[in-house]
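Listed below are the residues making up each chain.
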Amino acid sequence: MEAITNTENKLSLDKKNEEMKVFSVAYQFEDIYKDNSAFLSQLKSFNSWWQQTPHSWLISTDIHSAMSIRDKLLPYLSSGDKLFIVRVTLNVFGTINTEYSGVGLLDNEYNWIKNNL
């Protein structure tokens, strides 16, 4: 597999992207046979999304807090399920740090990160 690494330190954002927030959403269902189609539909309802791995997504949304996203996903979780949401933020200069590394990312996956962060 080809490794993809980006160590550019700054990427400016246009006004449209400033209104959107990007969150990383990771989850694990205790019951691996659980029908998670409603949960996945809710994830796909956000403005833009990328399913990074089977249980890890990046979403772009006008919702501004991880707690609000959690509240939208909570009805689809059962006791014992895990959910972790992290907001990707700007630095004090209004640019983002784009240091990331990955193995096996496809061009469209790499482009989603670059275009939405």
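Heads up: the structure comes first, above all this text.
This text gives an overview of the structure that appears in the document.

Conventions used here
- Residues numbered from 1 in each chain as written.
- Predicted model: local features only at pLDDT ≥ 70, side-chain atom pairs only at ≥ 80, totals over all residues.
- Heavy atoms only, no water.
- Buried < 20%, exposed > 50% of the residue type's maximum accessible area, 1.4 Å probe, protein only.
- Helix = DSSP H or I, 4+ residues; strand = E, 2+ residues; numbered from the N terminus.
- Pairing = 2+ DSSP bridges.
- Axes fitted to C-alpha atoms, helices over the stretch in contact; angles between N-to-C directions.
- Contact = heavy atoms within 4.5 Å.

### Re the pairing of strand 5 (residues 56–61)
For a regular strand, the rule is simple: side chains alternate between the two faces of the sheet. By the criterion of burial, strand 5 is predominantly enclosed, with six of the six residues buried. The side-chain alternation of strand 5 yields two buried faces, one formed by Ser56, Leu58 and Ser60 and the other by Trp57, Ile59 and Thr61. Note that strand 3 (residues 21–28) and strand 5 share six bridges and pair antiparallel. Within strand 5, the residue paired with Lys21 across the bridge is Thr61. Here strand 4 (residues 48–53) runs beside strand 5; their pairing, made up of five bridges, is antiparallel. Across the sheet, Gln51 pairs through a bridge with Trp57, a residue of strand 5.

### A few points about the sheet that holds strand 5
The four strands lie next to each other as 4-5-3-6, forming an open sheet whose pairing is antiparallel. The two strands at the open ends of the sheet, each matched to only one other strand, are strand 4 and strand 6 (82–88). Across the sheet, the mean angle from the axis of one strand to that of its neighbour is 20 degrees, orientation sign disregarded. Where strand 3 lies against strand 6, seven bridges are found, and the strand directions are antiparallel. Within strand 6, the residue paired with Val25 across the bridge is Ile85. Here helix 4 (residues 107–116) sits on the sheet and contacts strand 3, strand 4 and strand 5; the angle it forms with strand 4, its principal contact strand, is near 135 degrees.

That's the geometry; what it means functionally is another story.
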